[in-house]
Amino acid sequence: TTSMWCGSLLLASLAGSAALHLPLNVGAPTASLRQPHPLLLYQRSPSQVSKQREDTKKRTVERRQADAERRASTLAAAKKRAAAAAAKKRAAAAAAKKRAAAAAAKKAAADEVRSARQELEAREDDLANYELGEHEGRVRSIEDQIAGLGDPMRLKQVEAAKMNSAVPHVGKWVYEQVGGGSKEAAEAKVLGPMLLYLDLPDKGHQKLAVQAFPARTLTSFLARDEGTRDQLQDELKRRGPQTRITVFRNRAKTFSPSPNRPSSADMKRFGVTAWLDEALRIRDDLRGEVLAFLKQQMGVDTYLLATPAAVGKIDALQQFLQQSGMTGVTVLTPERVYRFGRSKYGARAATSSSSLPQRHRHAACFSVVVDTSRKKELEGQLKEARKGLELKRKERQAVERDVGQLQQKLDAAKGRQVELNNNTVRLNRLAARIDQAKKRLDPARESVADFNADAQKEGYRRRLCDAHQRSLDSLQKAAAAVKRHEAALTKLALVRVGLAAAEAQLAEAEGNTDELDERIARLRREAEAAKAEAKKAADKVGTLVREAKGKAAEFAGRKEAPLSEEAQGVWDALPAGADELEDRIAELEAETSSTSADGNSIKEYERRRKEIEQLKTRVDAAQQAIAAQGGKVAGLEQAWRPALEEMVDRVNQKFGSCMAAFRCAGEVSLSDGRSLDEHGEPAGDDDFEKYKIHIKVKWRDGEQLHVLGEAGRDSGGERSVATMVYLISLQEINSAPFRVVDEINQAMDSTNERIIFKCVTEACKDGGKQYFLLTPKLLPDLDYGEDCAIQLVFNGPHNRRRDQFDLSRFC
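Description of the structure in this document. Keep in mind it's a predicted model, so treat the numbers as computed, not measured. (Residues numbered from 1 in each chain as written. Predicted model: local features only at pLDDT ≥ 70, side-chain atom pairs only at ≥ 80, totals over all residues. Heavy atoms only, no water.)

## Some words on the overall build of the chain
Phase 1: Along the backbone of the chain there are 19 helices and 15 strands.
Phase 2: Looking at the chain as a whole, 23% of its 811 residues qualify as buried.
Phase 3: Considering only residue pairs separated by 6 or more positions, the chain has 70% of its internal contacts joining residues 24 or more positions apart.
Phase 4: Approximately 57,200 Å² of the chain is accessible, and the part contributed by carbon and sulfur atoms is 53%. (Helix = DSSP H or I, 4+ residues; strand = E, 2+ residues; numbered from the N terminus. Buried < 20%, exposed > 50% of the residue type's maximum accessible area, 1.4 Å probe, protein only. Contact = heavy atoms within 4.5 Å. Areas by Shrake-Rupley, 256 points an atom, 1.4 Å probe, with all protein chains shown as cover.)

## What about the packing of aromatic side chains?
Pairs of aromatic rings are described using the distance from one ring centre to the other and the angle between the two planes.
Phase 1: For the coordinates displayed, the defined rule picks out four aromatic pairs.
Phase 2: A ring pair is formed by Trp640 and Tyr691, whose centres lie 6.2 Å apart and whose planes are at 65°; its orientation type is edge-to-face. Of this pair, Trp640 sits in helix H17 (residues 601–661) while Tyr691 sits in the loop between strand S11 (682–683) and strand S12 (692–698); the two residues are 51 residues apart in sequence, bridging distant segments of the chain.
Phase 3: A centroid spacing of 5.8 Å and a plane angle of 90° characterise the contact between Phe738 and Phe772, whose relative ring orientation is edge-to-face. (Phe/Tyr/Trp six-rings, centres within 6.5 Å; stacked < 30°, edge-to-face > 60°.)

## What to know about the sheet that holds strand S2 (residues 221–223)
Phase 1: In spatial order, the strands read S1-S2-S3; together these three strands make up an open sheet with mixed pairing. Unpaired on one side and paired on the other, strand S1 (190–191) and strand S3 (247–249) mark the two borders of the sheet.
Phase 2: Pairing between S2 and S3: three bridges, direction parallel. Considered in S3, the bridge of Phe221 is made with Val247.
Phase 3: The sheet strands contacting helix H9 (residues 226–239) are S1, S2 and S3, and the helix crosses S3 at an angle near 165°. (Pairing = 2+ DSSP bridges. Axes fitted to C-alpha atoms, helices over the stretch in contact; angles between N-to-C directions.)

## What about the pattern of salt bridges?
Phase 1: Going through the model one piece at a time under the given rule, you end up with 21 salt bridges.
Phase 2: The residue Arg754 makes a salt bridge to Asp230 at a minimum N-O spacing of 3.5 Å. Of the two residues, Arg754 is situated in helix H19 (residues 750–763) and Asp230 in helix H9; the sequence distance between them amounts to 524 residues.
Phase 3: A salt bridge links Glu703 to Arg700; its shortest N-O distance comes to 2.9 Å. (Salt bridge = Lys/Arg side-chain N within 4 Å of Asp/Glu carboxyl O.)

## Quick word on the packing of helix H18 (residues 716–730) against H19
Phase 1: It is the contact of H18 with H19, at a shortest axis distance of 11 Å, that shows an interaxial angle of 10°. Classified by the angle their axes make, H18 and H19 are roughly parallel. Of the residues in H19, those in contact with Val721, Met724, Val725 and Ile728 of H18 are Asn752, Ile756, Cys759, Val760 and Ala763.
Phase 2: Considered class by class, the residues forming the contact of H18 with H19 number eight nonpolar, one polar and no charged. (Parallel < 35°, antiparallel > 145°, perpendicular 65-115°, else oblique. Nonpolar A, V, L, I, M, F, W, Y, C, P; charged D, E, K, R; others polar.)

## A look at the nonpolar core
Phase 1: Counting 49 residues, the largest nonpolar core has Leu198, Phe213, Leu276, Leu280, Leu294 and Phe366 as the members making the most contacts within it.
Phase 2: Residue contributions to this core peak at six residues, all from helix H11 (residues 284–298).
Phase 3: Contacts of Leu294, omitting those with residues within four sequence positions, involve Leu198, Phe213, Thr217, Leu280, Gly299 and Val300.
Phase 4: Val648, Phe662, Trp699 and Met724 belong to the second-largest nonpolar core, a separate cluster that totals 27 residues. (Core = buried A, V, L, I, M, F, W, Y, C linked by side-chain atoms within 4.5 Å.)

## As for the sheet that holds strand S5 (residues 303–306)
Phase 1: On the basis of which strands lie adjacent, the open sheet formed by five strands has the order S4-S5-S6-S7-S8 and mixed pairing. Unpaired on one side and paired on the other, strand S4 (272–275) and strand S8 (350–355) mark the two borders of the sheet. The sheet shows a mean angle of 20° between the axes of neighbouring strands, direction not considered.
Phase 2: Pairing of S5 with strand S6 (residues 329–332), which is carried by three bridges, proceeds in the parallel orientation. Across the sheet, the residue bridging to Tyr303 is Thr330, located in S6.

## Quick look at unusual backbone geometry
Phase 1: In this model, Gly192 is joined to Pro193 through a cis peptide bond whose omega is -5°.
Phase 2: Despite not being glycine, Arg663 has its phi angle at roughly 60°, a positive value.
Phase 3: Assignment of secondary structure puts Arg663 in the loop between H17 and strand S9 (665–671).
Phase 4: A relative accessible area of 78% places Arg663 in the exposed class.

## Remarks on the packing of helix H5 (residues 167–178) against H9
Two quantities define a packed helix pair, namely the angle between the helix axes and the distance between the axes.
Phase 1: In contact at an axis separation of 12 Å, H5 and H9 are set at 130° when each is read in the N-to-C sense. Here H5 lies oblique to H9, going by the angle between them. Of the two possible hands of crossing, H5 and H9 adopt the one that is right-handed. In this structure, H5 contributes His169, Val170, Trp173, Val174 and Val178 to the contact, and H9 contributes Thr228, Gln231, Leu232, Glu235, Leu236 and Arg239.
Phase 2: For the contact of H5 with H9, the class distribution of residues is six nonpolar, three polar and two charged. (Left-handed = near helix turned anticlockwise from the far one by under 90°.)

## Considering a nonpolar patch on the surface
Phase 1: There is a patch of nonpolar side chains on the surface, built from Leu773, Leu778, Ile790, Leu792 and Phe794 and spanning about 510 Å² of accessible area.
Phase 2: If you trace the backbone, Ile790 turns up in the segment after strand S15 (770–774).
Phase 3: The partly exposed category is assigned to Ile790, whose relative accessible area is 45%. (Patch = residues over 30% accessible without salt bridge, like charges linked within 9 Å, V, L, I, M, F, W, Y side chains within 5 Å.)

## Things to note about the pairing of S5
Phase 1: Residue alternation in S5 divides its side chains into two sets, Tyr303 and Leu305 and Leu304 and Ala306, and both sets are buried.
Phase 2: Summarising the sheet, S4 and S5 pair through three bridges and their orientation is antiparallel. Looking across to S5, one finds that Trp275 is bridged to Leu304.
Phase 3: Note on the crossover from S5 through helix H12 (residues 314–324) to S6: the handedness is right-handed. (Right-handed = clockwise from strand over helix to strand, strands pointing away.)

## Some details on the side chain of Arg249
Phase 1: Examined against the element boundaries, Arg249 turns out to sit in strand S3.
Phase 2: The side chain of Arg249 sits in the buried core without any salt bridge; Glu226 is the nearest counter-charge, 5.1 Å away.
Phase 3: Excluding anything up to four places from it in sequence, Arg249 contacts Leu222, Ala223, Arg224, Asp225, Glu226 and Arg229. (Lys, Arg positive; Asp, Glu negative; His and termini not counted.)

Next up, the structure:
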């Protein structure tokens, strides 16, 4: 047993077991161990050893089971990864197969669309061969030709177009723009071309009249008012110089031949058939106006139409016309053309000349007839053209049906192609999303496999404890901060109470100071009054004493009677003299200086009062000087202001009358230097530097008078008109002998330019004034008058030199 105990002690020491200082009482088996051993050792019982062995065995089993579970889990995870890899491989193969199928379907759809488009383009090319425009144009052309054969007016339009290709376009513009699509409305403003209104029933007269009418006259247009003429001229300018159309404005509405002209019946014996104006057939409502225009342009009342018999009697005819006082006559015969006149030189002898009839391009303009054979030929062509048009129309309809079907087929193929493209896009997006999900799934699986719930719980528990501890620390800090805040608030409240008390004391002190100042001032006034009264009383007493002594000399050496106690008290209470009063005033002033906010306030007040009095004196002197100068300025203003207002009024009247010629309104006013108040009335001082002349205009009925050029309201032409009218209005008060105006008419329209020119010529009629108008162009048919001279400046590399210019050829 001893050895066993020693062995147990050794094992306990080696095992690191702690010895228990307990009494050993296990029953000594031998005699030598009956007494307690000095070393108190712990000895395990057999049951404890058995239990330890069972625990060790149990832990070993648990460890082996954990290892087995770990290996099983690892094996299961490996199997899962293998299965996932296989599924991924199968999914990739299926996706590749689907993509290949989608690509094949997409290619098939693209081929189908390409094939349908090629078929459609081929049929559209065939459709282009069946255009109906050419055939329809041919039908319309033949119909127009047939219609023109039976319409004399239409034939005259064709003849006018032959003479001038621009006539149909200008006539169409007049019909649409001037007449608004109405022939009657167009004729109410414009007549033209003039050939349409002239007719010669006699065939013999038709051939002769061609020699009298120039093509320019037959293709001209006659405007029946000035506004329409300006509108038509502006349109011709816009079309360019290639549009060579002449526009006239004839003011005469009636026609009357020369009073010396003999009748055609009196000259029938000479082979004369009629005067040209008698042979013309013109609409009754237009006859006077048209003949007046022809008389002005070509002298239609001076042409005689004669037969070949007049050739042998031409001298007798000339003598008869001379006796009648008729000169400047042209006789038209089929063989020759005779012109009778009178010489411009010497005795103004009668002259005559003859020439052969000229060939003109418009020879057939008056002899328009219907060609029946041509009409029959055109009707046959029209029948064939209509038959061909109908055949082409049927063929085109068949091709259009094919094109429609092919278009539907192409649309269906495009729809399938779009659907396949959309499916392919969706499939690619889903595949990309699957790949991204798989990339996120693998790390998630690994994290799940490596997840340790106990460790995570322990970590969360530690972090929760740390957070709880930090929360407690924060609460403690917050409580301390609240305590400090409450202490600060208490201190702040105490400070505010002290501040309020100090402010109350300060207000009370200020009130006392004001009251004391007022009291000092009152006492000072009372002291001054008392001092004055005391002085008066002393002077009076002295006077009375002297008088009394003078009247009662016997009492001069006697002592005065003593005063009563009451009188003596009153006398003692009074100041001893003026010096004592001065001392009392000084004490009060010292007291005021010591109790007031500033001891120098009274002195500063006195100084400021003196300065204010000085400034008031200076202000009064300055106001008197200003009033004197204002009187002088008013006198000067009365010297020149009425004359200036009279000049402005004269310019205003002239300006208004000139603007009225434009059917507009205008005003010239003088604006002084006063500003306008809230009601728009002048107020304040008049500043001569701000004087200005306001030119106000009103161009339309719905407008108000406004300052010229204000806010960009006026166009360039309007500003030019107003400026020129203002210059004309100034010439009555301006003694300048001449004025130079450079291209003032460039920004004006034709109507304003004509009125401005008329105003300028009217302004120069009074004499003493001259205008130089520099311009690159002038309107036609301007009324220049006798006082107007036109200087034409020729220059350029192609102009002849002065020594090579033969003036006699033009005179």
